[in-house]
Amino acid sequence: MLPGGIGGNQVTSVIVAPRPAWRGGATASTGPSARLRSDQNVGGEGLGPLGIARGHRHDGDATYRHRGPLARRRVSHGGAGRKRNVTAVQPAQPFDRRQLFRRAGALAAVAGPAILLGACGAGTQPPPVTIPTTIGGPPDWNALATALRGSVVVPSDASYGTAKLLFDTRFDALDPAAIAFCQSASDVQRCVDFARRHGVQLTARSGGHSYAGYSSCPGLIIDVTGMSDVTVSSNSSSSNSSAVIGAGARLVDIYSTLGSQGVLLPGGSCPTVGIAGLTLGGGIGVLGRRYGLTCDNLASLDLVTADGRVLTCDAEHNPDLFWASRGGGGGNFGIVTSFTFQVHPIPDIALFTVDWPWAAATDVLGAWLGWLPAAPDELWANCQLDSSGGAGGGPSIKITGVYAGSVADCTAALAPLRAAVGAAPSSQFVGPETYERAMMIEAGCEDLSVAQCHLPSQNPAGTLDRSTFAAASAYVVDPFPAAALTAVTGAVAGANPTPFGGAMIFDGYGGTIARVPAAASAFVHRDAIAGIQYFTSWGASAPSSVAEAALAWLASTSEALAPYTTGAYVNYIDPAQPDFLNAYYGANLARLVDVKHAVDPDDVFHFAQSIPTVVPG
Ligand SMILES: Cc1cc2nc3c(=O)[nH]c(=O)nc-3n(C[C@H](O)[C@H](O)[C@H](O)COP(=O)(O)OP(=O)(O)OC[C@H]3O[C@@H](n4cnc5c(N)ncnc54)[C@H](O)[C@@H]3O)c2cc1C
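Residues numbered from 1 in each chain as written. Predicted model: local features only at pLDDT ≥ 70, side-chain atom pairs only at ≥ 80, totals over all residues. Heavy atoms only, no water.

1. Describing the overall build of the protein chain
Each helix and strand in the protein chain was counted, giving 15 helices and 20 strands. The 617 residues of the protein chain split such that 61% are buried. Taking contacts inside the protein chain between residues at least 6 apart in sequence as the whole, the part at least 24 apart equals 76%. For the protein chain, the exposed area adds up to about 20,600 Å²; of that, 54% sits on carbon and sulfur atoms. (Helix = DSSP H or I, 4+ residues; strand = E, 2+ residues; numbered from the N terminus. Buried < 20%, exposed > 50% of the residue type's maximum accessible area, 1.4 Å probe, protein only. Contact = heavy atoms within 4.5 Å. Areas by Shrake-Rupley, 256 points an atom, 1.4 Å probe, with all protein chains shown as cover.)

2. Structural notes on the state of the cysteines
As enumerated under the stated definition, the model contains one disulfide in all. Two residues, C445 and C453, share a disulfide whose sulfurs are 2.1 Å apart. Taking the torsion about the sulfur-sulfur bond, which here is approximately 75°, the covalent link between C445 and C453 counts as right-handed. Assigned by exposure class, C445 and C453 land together as buried. (Disulfide = S-S within 2.5 Å.)

3. A look at the sheet that holds strand β11 (residues 310–314)
The sheet built from five strands is open, its strands ordered β7-β8-β12-β10-β11 with antiparallel pairing. Looking at the sheet topology across the chains shown, the edges are occupied by β7 (230–232) and β11. Between one strand axis and the next, the sheet turns through 15° on average, direction left out of account. Direction of pairing for strand β10 (residues 298–304) relative to β11: antiparallel, over a ladder of five bridges. (Pairing = 2+ DSSP bridges. Axes fitted to C-alpha atoms, helices over the stretch in contact; angles between N-to-C directions.)

4. Looking at unusual backbone geometry
Unusually for a residue other than glycine, N318 sits at a positive phi of about 50°. Within the fold, N318 resides in the loop between β11 and α8 (319–324). Although it is not a glycine, D603 adopts a positive phi angle of roughly 55°. When you line up the elements, D603 lands in the segment after α15 (589–599). For D603, a relative accessible area of 23% translates into the label partly exposed.

5. Some details on the packing of helix α9 (residues 361–371) against helix α10 (residues 407–421)
Two numbers describe how α9 lies on α10: the axes approach to 8 Å, and their chain directions differ by 140°. If you check the angle between α9 and α10, you find them oblique. Crossing of α9 against α10: the hand is right-handed. Touching D363, V364, A367, W368 and W371 of α9 are A413, L414, P416, L417, A420 and V421, all from α10. Class assignment for the residues of the contact of α9 with α10 results in 10 nonpolar, no polar and one charged. (Parallel < 35°, antiparallel > 145°, perpendicular 65-115°, else oblique. Left-handed = near helix turned anticlockwise from the far one by under 90°. Nonpolar A, V, L, I, M, F, W, Y, C, P; charged D, E, K, R; others polar.)

6. As for the environment of T536
As for its placement among the helices and strands, T536 is situated in strand β20 (residues 530–537). Assessed through its relative accessible area of 0%, T536 is described here as buried. In the structure, T536 is positioned 66 residues away from A470 in sequence and 5.4 Å away in space, judged by C-alpha atoms. At 2.8 Å, the side chain of T536 forms a polar contact with the backbone oxygen of G501. (Polar contact = N/O pair within 3.5 Å; in protein donor to acceptor, adjacent residues only side chain to side chain.)

7. Quick look at the packing of aromatic side chains
Tallied over the full model, the rule gives 18 aromatic pairs. Both rings, one in W368 and one in F506, keep their centres 6.4 Å apart while their planes meet at 75°; by these two values the pair is edge-to-face. Residue W368 is found in helix α9, and its partner F506 is found in strand β19 (residues 501–508); the two are separated by 138 residues along the sequence. Take W368 and F506: they sit in the same class, and that class is buried. Every member of this aromatic cluster is reached through a ring pair, and the members are Y211, F469, Y475, Y509, F523, F535, Y569 and Y572. (Phe/Tyr/Trp six-rings, centres within 6.5 Å; stacked < 30°, edge-to-face > 60°.)

8. With respect to the environment of A598
Summarising the element assignment, A598 is placed in helix α15. Taking the C-alpha atoms as reference, A598 lies 9.6 Å from D320; in sequence the two are 278 residues apart.

9. Notes on the pattern of salt bridges
Counted under the stated rule, the structure contains 13 salt bridges. Of the charged contacts in the structure, one is a salt bridge between R526 and D296, with a shortest N-O distance of 2.7 Å. Here the residue R526 occupies a position in the loop between β19 and β20, and D296 occupies one in the loop between α7 (288–291) and β10, the gap between them amounting to 230 residues. A relative accessible area of 26% places D296 in the partly exposed class. Salt-bridge contacts for D320 lead to R591; the nearest nitrogen and oxygen are separated by 2.8 Å. Here D320 is found in helix α8, whereas its partner R591 is found in helix α15, with 271 residues between them in sequence. (Salt bridge = Lys/Arg side-chain N within 4 Å of Asp/Glu carboxyl O.)

10. So, the nonpolar core
Membership of the largest hydrophobic core comes to 116 residues, with the highest contact counts inside it found for L220, I254, I275 and F339. For this core, the leading source of residues is helix α4 (residues 185–197), giving six residues. Counting 56 residues, the second-largest nonpolar core is a separate cluster that includes F352, V407, A491 and A530. (Core = buried A, V, L, I, M, F, W, Y, C linked by side-chain atoms within 4.5 Å.)

11. A look at the side chain of T225
Within the secondary structure, T225 sits in the loop between β6 (220–223) and β7. Among the polar contacts listed, one links the side chain of T225 to the side chain of D223, at a separation of 2.4 Å. The residues touching T225, leaving out its near neighbours within four places in the chain, are F181, S206, G248 and R250.

12. Remarks on the pairing of β19
Of all eight residues in β19, eight are buried; the element is thus mostly enclosed. Burial along β19 is two-sided: G501, A503, I505 and D507 facing one way and G502, M504, F506 and G508 facing the other are all buried. Alignment of strand β15 (residues 379–386) against β19, held across five bridges, turns out to be antiparallel. Across the sheet, residue D386 finds its bridge partner in β19, namely A503. Of the pairings in the sheet, the one linking β19 to β20 comprises eight bridges and is antiparallel in character.

13. Considering the pairing of strand β16 (residues 396–403)
Looking along a regular strand, one sees side chains alternate from face to face of the sheet. Most of β16 is tucked away: eight of the eight residues are buried. Going residue by residue along β16, you find S396, K398, T400 and V402 tucked away on one face and I397, I399, G401 and Y403 tucked away on the opposite face as well.

14. Describing the packing of α9 against helix α12 (residues 482–494)
At a closest axis distance of 9 Å, the pairing of α9 and α12 adopts a crossing angle of 125°. With respect to α12, the element α9 is oriented oblique. When you trace α9 past α12, the crossing you get is right-handed. On the side of α9, the interface is formed by A361, T362, L365 and G366, while α12 contributes L485, T486, V488 and T489. Residues belonging to the contact of α9 with α12 are distributed by class as follows: four nonpolar, four polar and no charged.

15. Quick look at the sheet that holds strand β3 (residues 151–153)
Strand order in the open sheet made by the four strands is β3-β4-β6-β5, with mixed pairing throughout. Looking along the sheet, the strands with just one partner apiece sit at the ends: β3 and β5 (202–205). On average, each strand axis in the sheet is tilted by 20° relative to the strand beside it, whichever way the strands run. As defined by bridge partners, β3 adjoins strand β4 (residues 178–181) across three bridges and the pair is classed as antiparallel.

Rendered as structure tokens:
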């Protein structure tokens, strides 16, 4: 139960910047750096492994910069579990989410010998394909390239080294036989047909952010990033707008295009995540308690099946496949080429961040878990506990989020939380923002253009980097007892100092998400108060001992919390997750297996944690 009362401590009165002119405000917004009263005790500049800026002083005033729900990720590892050869220790450096994406390298883009065959629009027919190769013979990649509107990259191509890369540098040693950059559903059909004829393993790739590297394989990567158009059907004056989004679109481009037309789609924060993986696994984001998961807003999708058909799936057509595609996870049933979403008029938006001293960490987390279920749907928040890794300084805790409404309503909604914590925050920021800029801030791209908020391989102006991380996940259904709270803070403090970063991010669920029945879509975790992400990261060139220590921290931390948690999030797919099918899908597993058996009886879409065609013994 929450302690009652509001304003039980002395802290903050926020001087809020005027609303931006384009939203009807009088002057340009000063955005998330809206100034606080100078009587605040703002912590010194510092960034934990999750990269949360702790605030800084500016012109004599305390200022606070809101950072997104977290500078979440550095990456996980996949089934391959490869260790890199390294020569020097690289302690985990503090960084924010933007820095996270600015680290080295480049993800697969396009290249290779593109052989244009003219338009091959998506259809609903079996593929009109005759590929001049010998069935069962070695794959003739030139023949495939000739059949595609897009291109095929093989190891002998100069672009191969970049084209094969995923977001996580841990998978850089994976060497697919070929990467097909598809431009149409027909291209995808031809790739599936080709791979099946030659017995070549295949996998779909959209944004390439799979935590386990499951969008690569030794055979053919079928890349859909050439299909990334975003088209809004009507403008913000309609409350019933929809958007058709190509399966290879990245979140930053989606939010930018939708925002410019006055509508939004709830989704994740990482700008370079692909819409396909995000949607198929669920899609938790900063507007989720108000508008639901990304998959809850899905109206229909087009998908190429293992037998080469293009199926449109919605509530009336192929409803089982439509059900399975909302939370069943990417890569299981076919290759999606296009999604149609319901989109929403953009409301007022407020961003907030509240920091407390680490000494209050158990009180803050306990209060947050108790407060969130009763908070308005308009409010989404997460609670981030972040070690400082090897950067020095102590661990940190903060609550940050987005309010789909006014600053005044946001401030009022935060008051019970502060009262419940008891201890005074070290800083609080609440300020108005436009949707487009809010999503750029959440992406860690507040100082960048949309073009810059990409990997260099995705956009010539891109300035973001890939990352090296591992993660696990679980759900919180009941508020934590004291022992669980202590286990959390002990684990984060225990990763401090170490040559790797360790963090726990509690993402808010509930609200609109919880009002969807657990059996209404494949996403089963509807009763969760929060999802936890256990997260560790280290330098890409750190010695294997650092990676091993980071993974050991991850395993011991998730194990320590296991008695108090349930399930796991398939979008934080984890090769080390025991009993992963039940963890990801719970009571929906049996129906998912039925759908798999019906649509892919030969298990063509197979990977280490894919849904099987029969219920496992
Ligand atoms: C930095 C970072 C931040 C993240 N932030 C969030 C967040 O805020 N909220 C959240 O919910 N999740 C978040 N995630 C997790 C993310 O949703 C998943 O990693 C998601 O699977 C990534 O999708 P993708 O298309 O980028 O990845 P990919 O690696 O391309 O694909 C993921 C899986 O889907 C399959 N797949 C890809 N394309 C298709 C297709 N067209 N049809 C069928 N299957 C396909 C792949 O084979 C693979 O199994 C984040 C991940 C990272 C790395």
